[in-house]
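Spelled out from the first residue to the last, the chains are:
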Amino acid sequence: MGVDLYSPNSWVDGVPHDELEELRRTDPVHWQDMPEGGGYWAVLRHADVVEVARHPGVYSASLGGVVLEDLSPESLEMMRHMLLAMDPPVHARHRQPLAPTFGARVIGEMEERIRAISRRVLAEAAERGDVDFVHDVAAHLPSQVVGELMGLPAEDWPRLHRWAERQTAGQDPDVAGADATGEVGGGVTGEVGGGVDDTMSASVEMAMYFIELAAARRAEPGTREDLFALILATEVDGAPMDDVSVGSFCVQLVTAGNDTTRTMLSSGLDALLDHPDQLEALRADRSGLGAAVEEILRFANPLHYFRRTATTDTVLHGTAIAGGDKVAMLYTSANRDDAVFAEPHRFDIRRDPNPHLSFGIGGHFCLGARLARLEGRVFFDELLSTFGRIERTGAARRVRSNLNNGLKALPLALGR
Ligand code: HEM
């Protein structure tokens, strides 16, 4: 039997690394049943995840979407407006016009703005002293950066942030039960959270917001130069995107950039606190920040997996996969594959090379990777400059999810 990779309970107390290691050795393309029937292939080795990601003709993102649960036809249709769930050639036609916005020059120019946002967020944390680092500190950087990049009114940022939280943490009762102020509720412990339906309703609410904003912007054309203006102006197949496409597209930008980056910052600090020698080494020599961020991404990858659906009968690493089968690329496992990483369970901020798969690989490689890396480098730089003292005041708590590999609480005392 072994570990149930689908059950969120298997991940809540920590990643089952021993079991994953055993499976990589004995059954690296592993069938996992799902409670509502059916199941999926969990792909555990680095090379096999790369193989799946690089062959969109065999492993489709569009057929069944990128999460394991079966979606209603309406939800699936909505998801297919997102880059994540497009296949070639449609995918490239949507991705190409946006790629320059996430390129080196534009993102490089964001550095000072990200530094200013980081300083503001950290100054507020300094006033508090005692914080829940996840919600009081880390969460604020990505939502403000995405809000600024997209040119959204600052008063709307908290609302967007709450939608994004509901969207990506639907399996955890505490997080899904967050109240209207966005604070984490006491929680209906033991029950599955808002689930896929709440996730989708948050998406729909967020999409409606963007559709309304699009109408307002179209009424005052040509006055702005931000990502939202670029999206409105983007032509796909010779025509601007319709409102539903604009809405879905923006939803994925907010969501993709929010929780993942928050997790990188909070899990990253958690890992550094577990390895005080490396935290001090980084404090002393900031030139290692880039490599440290890569190791944080490898060691504590924010997303456990994304899904594909086999378009045809095929064979992966000797295992027969039938057309229509669900296939999950387990980044969490691939990042610890000893065929690629020496001493994979060791956290080493100087690791080089570090070909982790936390941003995926192939055609869907994370569009925001450059931005996320920059946010990581700048934020940790400012954090270490602001606080000489960073101490735990309680136990970190993990999100209960088979998709999000993150913390929902990291209680700390911060001092100058
Ligand atoms: C540490 C932070 C982040 C992580 C770990 C992460 C992870 C990922 C992964 C694994 C994929 C690949 C999906 C697949 O192969 O199916 C992806 C795609 C994507 N990410 Fe990120 N992401 C992060 C930050 C961001 C940010 C900051 C943005 C934008 C503001 C962003 C926007 C996107 C978009 C638009 C896609 C879809 C690309 C496509 O399908 O062509 N991500 N991300």
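Right above here is the structure, for reference.
Calculation rules
Residues numbered from 1 in each chain as written. Predicted model: local features only at pLDDT ≥ 70, side-chain atom pairs only at ≥ 80, totals over all residues. Heavy atoms only, no water. Near = heavy atom within 4 Å. Polar contact = N/O pair within 3.5 Å; in protein donor to acceptor, adjacent residues only side chain to side chain. Helix = DSSP H or I, 4+ residues; strand = E, 2+ residues; numbered from the N terminus. Nonpolar A, V, L, I, M, F, W, Y, C, P; charged D, E, K, R; others polar. Donors = N, O, S within 2.8 Å, 3.2 Å for Na, K, Ca; no water. Axes fitted to C-alpha atoms, helices over the stretch in contact; angles between N-to-C directions. Parallel < 35°, antiparallel > 145°, perpendicular 65-115°, else oblique. Left-handed = near helix turned anticlockwise from the far one by under 90°. Contact = heavy atoms within 4.5 Å. Pairing = 2+ DSSP bridges. Patch = residues over 30% accessible without salt bridge, like charges linked within 9 Å, V, L, I, M, F, W, Y side chains within 5 Å. Areas by Shrake-Rupley, 256 points an atom, 1.4 Å probe, with all protein chains shown as cover. Salt bridge = Lys/Arg side-chain N within 4 Å of Asp/Glu carboxyl O. Lys, Arg positive; Asp, Glu negative; His and termini not counted. Charge placed at Lys NZ, Arg CZ, Asp CG, Glu CD. Buried < 20%, exposed > 50% of the residue type's maximum accessible area, 1.4 Å probe, protein only.

Student: Explanation requested: the site of the ligand in the structure shown.
Tutor: Surveying the vicinity of the ligand reveals 27 residues, the closest of which are His91, Arg95, Arg308, His364 and Cys366. With respect to the ligand, the side chain of His91 contributes an N or O atom lying 2.6 Å from an oxygen atom. Taking Arg95, its side chain carries an N or O atom lying 2.7 Å from an oxygen atom of the ligand. For the shell around the ligand, the secondary-structure elements that each account for two or more residues are helix H5 (90-95), helix H14 (243-274), strand S7 (305-310) and helix H18 (369-386). For the shell around the ligand, the element with the most residues is H14, which contributes six residues. For the shell around the ligand, the residue count by class is 16 nonpolar, nine polar and two charged.

Student: Sorry, what's going on with the coordination of the iron atom of the ligand here?
Tutor: Of all protein atoms, just one serves as a donor to the iron atom of the ligand, and that atom is Cys366 (SG), at 2.3 Å. Within the element layout of this structure, Cys366 appears in the loop between helix H17 (331-334) and H18.

Student: For this particular structure, what's the right way to read the packing of helix H9 (residues 140-150) against H18?
Tutor: Each pair of packed helices can be described by the angle between their axes along with the distance between the axes. Contact geometry for H9 and H18: axes closest at 12 Å, N-to-C directions at 130°. Judged on the interaxial angle alone, H18 and H9 are oblique. Note that H9 runs across H18; the crossing there is right-handed. Residues Leu141, Pro142, Val145 and Leu149 of H9 lie in contact with H18, whose contacting residues are Leu371, Glu375 and Phe379. Across the contact of H9 with H18, the residue classes tally to six nonpolar, no polar and one charged.

Student: Which parts of the structure should I look at to understand the sheet that holds strand S4 (residues 130-132)?
Tutor: Hydrogen bonds along the backbone pair up the strands of a sheet, which may run parallel or antiparallel. Spatially, three strands are ordered S4-S14-S11 in an open sheet, and the strand pairing comes out antiparallel. On the outer flanks of this sheet lie S4 and strand S11 (389-392), each paired with one strand and no other. Pairwise comparison of adjacent strand axes, ignoring direction, gives a mean angle of 30° for this sheet. Where S11 lies against strand S14 (residues 411-415), four bridges are found, and the strand directions are antiparallel. Across the sheet, residue Ile390 finds its bridge partner in S14, namely Leu414. Across the sheet, H14 touches S11 and S14, and the angle it forms with S11 is around 90°.

Student: How do you make sense of a negative patch on the surface when you look at a structure like this?
Tutor: A cluster of acidic residues, Asp18, Glu19, Glu21 and Asp338, forms a negative patch at the surface. Looking at where Asp18 falls in the secondary structure, it is placed in helix H2 (residues 17-26). What makes Asp18 exposed here is its relative accessible area of 62%.

Student: Quick question: what am I supposed to make of the packing of helix H7 (residues 111-128) against H9 here?
Tutor: Look at H7 against H9: their axes get within 10 Å of each other, and the N-to-C directions meet at 140°. For the element pair H7 / H9, the angle class is oblique. The way H7 lies across H9 gives a crossing that is right-handed. On the side of H7, the interface is formed by Arg113, Ile114, Ile117, Ser118, Arg120 and Val121, while H9 contributes His140, Leu141, Gln144, Val145 and Glu148. Across the contact of H7 with H9, the residue classes tally to five nonpolar, three polar and three charged.

Student: Explain the side chain of Glu382 here, please?
Tutor: Here Glu382 lies in helix H18. Its relative accessible area of 7% is what places Glu382 among the buried residues. Ignoring anything within four residues of it in the chain, the contact list for Glu382 reads Arg115, Ser118, Arg119 and Leu122.

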